[in-house]
Amino acid sequence: MKDIGPNLNFIKTPAFIKITAFAIIVLSCFYLGKHYSDGYQQLSFFSTFHSPQTDSIIDVAVGVSPNVGKFSDQNLNLTAPPSIPGSPPKNSKNAQPPAVERIGIVDEDGAMSVEFEVGEFDPHSVEDLGKSDGEEEKKVGNRDSTVKIENFRVCEASMQDYIPCLDNVEEIARLNSTERGEKYERHCPGKGEGLDCLVPMPQGYKPRIPWPASRDEVWFSNVPHTRLVEDKGGQNWISIKGDKFVFPGGGTQFIHGADQYLDQISQMVPDIAFGNHTRVVLDIGCGVASFGAFLLQRNVITLSIAPKDVHENQIQFALERGVPAMVAVFATHRLLYPSQAFDLIHCSRCRINWTRDDGILLLEVNRMLRAGGYFAWAAQPVYKHEENLQEQWKEMEDLTIRLCWELVKKEGYIAIWRKPLNNSCYLNRDTGVQPPLCDPNDDPDDVWYVGMKPCITLLPENGYGSNVTTWPARLNDLPERLQTIEMDAYISRKEILKADTKFWHEVIYGYVHAYHWNDSKLRNVMDMRAGFGGFAAALIDFQVDCWVMNVVPVSGFNTLPVIYDRGLIGVRHDWCEPFDTYPRTYDLLHAAGLFSIEQKRCNISNIMLEMDRMLRPGGRVYIRDTVSVVNELHAIAVAMGWASAVHDTSEGPHASWRLLRCDKRF
């Protein structure tokens, strides 16, 4: 046996003991470092940017929030991410929208699939946001972020009905001309001059009267304006009874009530078939929107529009009643709706000279009217025999003939025309007949800050837009115009729409059951990034008694034609600018994936302030977005005084998306 004594003596030496201790310390530090690296998030956020110059993705690490250090003493001034060299400017009129990204549900083989499950909400996760003080520590997943910021100030009381792009007095005063209604169009505040405070509610504001009772009466204190009562009370529009405004259901041309008027139109042209063939209607110069209000019970959704003119609160009354409405004007720019959007367009004493400027305003109606759709005009030139009025009728008759419209019926004070189903009449007009046909390269769905054009928009040769099915089948049928959307897909488009429909059906199922949407008295709803309208379609499927304004941002592909073909309504908009509606007009604002896109080009605090302006006290906000974006939005929501909470989505706590749920307090 070998002698091992000397080796044992070496182990006992001081040098060996020091080496061993050092090794143990090194191994311990390595273990602890790996443990904390794997188990805990770093105290920084990462924002992802796309560089157009290198076509690469850049991750930028910043402390807590990209906007820390930019909070003023009065409010939170979150700015957009740092600009990347070569990126477009923020001016929404000139900025180029980012490239359209490929979307869809892809299975393990790389093929498009609609077979997927979203999962269910845990009903135990539902909490009463009203009990939250809004100043609690915010925890998202395993990331803690405590951000305390100064609250936003409240605007002056004079701004309680403020619409930023329509009340820009300084810009309107600089207009060279107003004879064509330019002063009623959009004139948005310049950079740095936008809304930086919370628009106040009127004194005595009350929770709105729920639908359907709100169709007939609203609180006086919520819209405390009497001008319409003074001007239109004798025409059965509106009256005051105690502490409420009452709406008898009449209008200037139908003082005996909208129901009787609608029956007359149906009898004149049975093929109009409200709620079947005719689903989507535009009411121009709508007053308090009684025409649209009574069409709702016939399964027709009517977008009621009027300018903010001398009767400036008519749209505010319409929205307070719970009727789809928007401030809009026939002036010099295209309205923000696509071609072939409406099955019927209605004008009853709407105070528009349709034949001025070679009929450019009626040509805009023609652009928006679906092939085979109807235009109903109730006005004095139809039935009165004064010389000047008869001259107006002859001009209207001549213009509609040149537009190839067929006068289907003229009875009493109503005339109804029908637009052709195809281009055969247009192409067979005599040479030199005015108005001319539009250039084939003109995009009739391009509407954002695009001027009206004095030409006839040709219909698609393949019949797209004219072959929609009847309601309610059209809600879930695949529209033919889906193939015309400029997006990064062609063969898979139908699968994308099917997947989108199923996704939102599952999500809304969770919202309805976990958050009790059917009991929440929701009425006016806006989807701020509507896509194909799947959110709105799901609400109809689950019989939530509301209507949805589907907003399609200019930063993405234009899906509005598909939304209208499905029997829904919507509008094109740039969220870098304010929306054309009155304050306190929506009960629910929904935004999925909006902010992670718009933060590259807009100030997201401005978007949140605009949401607060549009939202009723007691209204709700649901935002689905990335973890870092939701953290940032949560901080802004607290600064605005909203009660808010962050939830995991149905994908679980380790998903990259979160749900921010907010209530706007009274």
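Residues numbered from 1 in each chain as written. Predicted model: local features only at pLDDT ≥ 70, side-chain atom pairs only at ≥ 80, totals over all residues. Heavy atoms only, no water.

A.B. asks: A description of the overall build of the protein chain should follow, citing residues and the corresponding values.
C.D. replies: Counting its secondary structure elements, the protein chain contains 17 helices and 21 strands. In the protein chain, which comprises 666 residues, the share counted as buried stands at 53%. The contacts in the protein chain between residues at least 6 apart in sequence include a share of 70% that link residues at least 24 apart. Accessible area of the protein chain: about 30300 Å², with a carbon and sulfur share of 52%. (Helix = DSSP H or I, 4+ residues; strand = E, 2+ residues; numbered from the N terminus. Buried < 20%, exposed > 50% of the residue type's maximum accessible area, 1.4 Å probe, protein only. Contact = heavy atoms within 4.5 Å. Areas by Shrake-Rupley, 256 points an atom, 1.4 Å probe, with all protein chains shown as cover.)

A.B. asks: Go over the sheet that holds strand β12 (residues 369–378), please, and point to the residues and values.
C.D. replies: Spatial strand order, β10-β9-β8-β11-β12-β14-β13: seven strands in an open sheet with mixed pairing. Across the chains shown, the open sheet's two edge strands, defined by having one partner strand only, are β10 (325–327) and β13 (406–411). Ignoring which end each strand starts from, the neighbouring axes of this sheet average 20° apart. Judged from the five bridges that link them, β12 and strand β14 (residues 414–418) form a sheet pairing that is antiparallel. Paired with A378 across the two strands is I414, which belongs to β14. Seen against the sheet, helix α5 (residues 258–268) touches β11 (342–348), β12, β13 and β14 and runs at an angle of roughly 50° to β14. (Pairing = 2+ DSSP bridges. Axes fitted to C-alpha atoms, helices over the stretch in contact; angles between N-to-C directions.)

A.B. asks: For the pairing of strand β18 (residues 586–592), give the residues involved together with the corresponding values.
C.D. replies: Two faces belong to every sheet, and in a regular strand the side chains alternate between them. With seven of seven residues buried, β18 lies mostly within the body of the structure. Where strand β15 (residues 524–527) meets β18, three bridges bridge the pair, whose relative direction is parallel. The residue bridging D527 from the neighbouring strand is H590, located in β18. Across six bridges, β18 lies against strand β19 (residues 615–626) in parallel orientation. Paired with L589 across the bridge in β19 is V621.

A.B. asks: So what about the side chain of E185? Which residues, and what values?
C.D. replies: Inspection of the secondary structure puts E185 in the loop between α3 (169–173) and β5 (217–219). At 2.9 Å, the side chain of E185 forms a polar contact with the backbone nitrogen of H333. Leaving out residues up to four positions away in the same chain, E185 has contacts with C165, L166, V329, A331, T332 and H333. (Polar contact = N/O pair within 3.5 Å; in protein donor to acceptor, adjacent residues only side chain to side chain.)

A.B. asks: So what's going on with the nonpolar core? Residues and values would help.
C.D. replies: Grouped together as the largest cluster of nonpolar side chains are 149 residues, with contacts concentrated most on Y337, W354, F375, W517 and F595. For Y337, the contacting residues outside a window of four places in its chain are L303, I305, M326, A328, F342, R367, M368, V447, Y564, G570 and V571. (Core = buried A, V, L, I, M, F, W, Y, C linked by side-chain atoms within 4.5 Å.)

A.B. asks: Kindly report on a nonpolar patch on the surface, identifying the contributing residues and their values.
C.D. replies: A surface patch of nonpolar side chains, amounting to about 230 Å² of accessible area, comprises L427, L437 and L458. With respect to the secondary-structure elements, L427 resides in helix α11 (residues 424–427). A relative accessible area of 54% places L427 in the exposed class. (Patch = residues over 30% accessible without salt bridge, like charges linked within 9 Å, V, L, I, M, F, W, Y side chains within 5 Å. Salt bridge = Lys/Arg side-chain N within 4 Å of Asp/Glu carboxyl O.)

A.B. asks: Residues and numbers for the pattern of salt bridges, please.
C.D. replies: Enumeration over the complete set of coordinates arrives at 34 salt bridges. With a shortest N-O distance of 3.0 Å, R402 and D398 are connected by a salt bridge. In this pair, R402 and D398 are both assigned in helix α10 (residues 387–402), four residues apart and thus about one turn of the helix distant. Given the relative accessible area of 39%, D398 is considered partly exposed. A salt bridge links R481 to D565; its shortest N-O distance comes to 2.9 Å. Of the two residues, R481 is situated in the loop between α11 and α12 (493–514) and D565 in helix α14 (residues 560–565); the sequence distance between them amounts to 84 residues. You can call D565 buried: its relative accessible area is 3%. A single salt-bridge network, built from bridges that share partners, covers D343, R370, R474, R481 and D565.

A.B. asks: Lay out the packing of helix α16 (residues 604–614) against helix α17 (residues 627–639) in plain terms, naming residues and giving numbers.
C.D. replies: α17 packs onto α16 with a crossing angle of 50° between their chain directions and a minimal axis gap of 10 Å. Relative to α17, α16 is oriented oblique. As α16 runs across α17, the sense of the crossing is right-handed. When α16 is examined against α17, the residues I604, S605 and M608 are found in contact with a partner set consisting of E632, L633, I636 and A637. (Parallel < 35°, antiparallel > 145°, perpendicular 65-115°, else oblique. Left-handed = near helix turned anticlockwise from the far one by under 90°.)

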